[in-house]
Amino acid sequence: MNSKLHSASAAVAERIERRWAVISVLIIAFLTGMAAYAGVHQATMPQSRVETIDPVKLHMSGEFVESNLGSALEPDGSVTVRVVGQQYSFTPACILVPKDTKVVIRGTSADVVHGILIRQTNINTMLVPGYVSELPARFNRVGEYLMPCQEFCSVGHEGMWAKVKVIEQAEFTALAADKRRLSCVE
Ligand SMILES: [Cu+2]
């Protein structure tokens, strides 16, 4: 009698375990599917290469010195945006880009891990000290977008954000004619 009861409850336990094993496999399959879908359809790919930089010397020389930050109009008509994150701000705090133009954002951190997230877009990357993050962007609507730091970076994190201002291409080109690096910081 006792062993009959035991085998009956073992059968129930096995059924429940099987059910949960199936559910967890389905969840993993769903998440993998979503990641694959996002990668193929929204181009949210991991970076294909690693570019390193010395975070303590950023301000002294090289690409990320302060005078080189902001938006640069390239000879091919595209725009390169260089940005540095540090506790607790982005430099520049207002990024200026033209509409309907190929934009390449290059960013790094001067201290701890920060993140760039431009709201209403799929632009989202981490700024890791020692590494350069690069990602392509294109804005098809004139206006202002908020860019909060998306990676908790200590006590001032919630106050760390910047703005992205998208203007007409002609307006941007006119501004770029007499300034090497552009931003919308007043
Ligand atoms: Cu931050």
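### Observations concerning the coordination of the copper ion
- Donor atoms from the polypeptide that bind the copper ion are His114 (ND1), Cys149 (SG), Cys153 (SG) and Met160 (SD), placed at 2.1 to 2.4 Å.
- In this structure, the copper ion is surrounded by four donor atoms whose angles at the metal cover 94 to 123°, and the resulting shape is tetrahedral.
- In the primary structure, the donors to the copper ion are separated according to the pattern H-x34-C-x3-C-x6-M. Residue cysteine 149 is found in the loop between strand E9 (143–148) and strand E10 (161–167), and its partner methionine 160 is found in the loop between E9 and E10; the two are separated by eleven residues along the sequence. Comparing cysteine 149 with methionine 160 shows no difference in burial state: the two are buried.

### Structural notes on the domain arrangement of the protein
- Domains assigned within the protein are domain 1 (1–45) and domain 2 (66–178).
- One C-alpha centre belongs to domain 1, the other to domain 2, and the line joining them spans 41 Å.

### A word on the nonpolar core
- Core analysis: the biggest nonpolar cluster contains 30 residues, and Phe90, Ile105, Ile118, Phe139 and Val164 have the highest contact counts within it.
- Mapped by element, the contributors of at least two residues to this core are strand E2 (79–86), strand E4 (94–98), strand E5 (103–109), strand E8 (133–137), E9, E10 and helix H2 (169–177).
- Not counting residues up to four positions away in its chain, the partners in contact with isoleucine 105 are Val81, Val83, Ile116, Ile118, Ile123, Ser133, Glu134, Leu135 and Ala137.
- In this structure, Phe64, Leu69, Val84 and Val132 belong to the second largest nonpolar core, which totals five residues.

### As for the state of the cysteines
- Under the counting rule described, the total for this entry stands at one disulfide.
- Two residues share a disulfide in this structure: cysteine 94 and cysteine 184, whose sulfurs sit 2.0 Å from each other. With the S-S bond torsion at -90°, the cross-link from cysteine 94 to cysteine 184 turns out left-handed. Taken together, the residues cysteine 94 in strand E4 and cysteine 184 in the segment after H2 connect sequence positions 90 residues apart. For the pair cysteine 94 and cysteine 184, one class covers both residues: buried.

### Focus: unusual backbone geometry
- The omega torsion of the bond from glutamine 87 to tyrosine 88 falls at 0°, within 30 degrees of zero and hence cis.
- The omega angle of the peptide bond from threonine 91 to proline 92 is -5°, so this bond is cis rather than trans.
- Along the chain, the position of proline 92 falls in the loop between strand E3 (89–91) and E4.
- Even without being a glycine, aspartate 100 presents a positive backbone phi close to 50°.
- As for its position among the elements, aspartate 100 is in the loop between E4 and E5.
- Using a relative accessible area of 38% as the deciding quantity, one classes aspartate 100 as partly exposed.
- We note that glutamine 120 has phi near 65°; this positive angle belongs to a residue other than glycine.

### So, the environment of methionine 126
- If you trace the backbone, methionine 126 turns up in strand E7 (residues 124–127).
- For methionine 126, the residues in contact, after removing those within four places along its chain, are Val113, His114, Gly115, Ser133, Gln150 and Glu151.

### Notes on the pattern of salt bridges
- The full count for this structure, using the stated rule, is seven salt bridges.
- Residues glutamate 51 and arginine 106 are paired through a salt bridge, measuring 2.6 Å at the closest nitrogen-oxygen approach. One end of the pair, glutamate 51, is in the loop between helix H1 (2–41) and strand E1 (70–73); the other, arginine 106, is in strand E5, with 55 residues separating them in the sequence.
- For arginine 106, a relative accessible area of 9% corresponds to the buried category.
- The residue arginine 82 makes a salt bridge to glutamate 63 at a minimum N-O spacing of 2.5 Å. Taken together, the positions of arginine 82 in strand E2 and glutamate 63 in the loop between H1 and E1 put the pair 19 residues apart, joining distant regions of the chain.
- In this structure, a network of salt bridges that share partners links the residues Glu51, Glu63, Arg82, Arg106 and Glu134.

Reading the values: rules and limits
- Residues numbered from 1 in each chain as written.
- Predicted model: local features only at pLDDT ≥ 70, side-chain atom pairs only at ≥ 80, totals over all residues.
- Heavy atoms only, no water.
- Donors = N, O, S within 2.8 Å, 3.2 Å for Na, K, Ca; no water.
- Tetrahedral: all angles 85-135°; square planar, octahedral: opposite > 155°, others 65-115°.
- Helix = DSSP H or I, 4+ residues; strand = E, 2+ residues; numbered from the N terminus.
- Buried < 20%, exposed > 50% of the residue type's maximum accessible area, 1.4 Å probe, protein only.
- Domains from an automatic or database assignment.
- Core = buried A, V, L, I, M, F, W, Y, C linked by side-chain atoms within 4.5 Å.
- Contact = heavy atoms within 4.5 Å.
- Disulfide = S-S within 2.5 Å.
- Salt bridge = Lys/Arg side-chain N within 4 Å of Asp/Glu carboxyl O.

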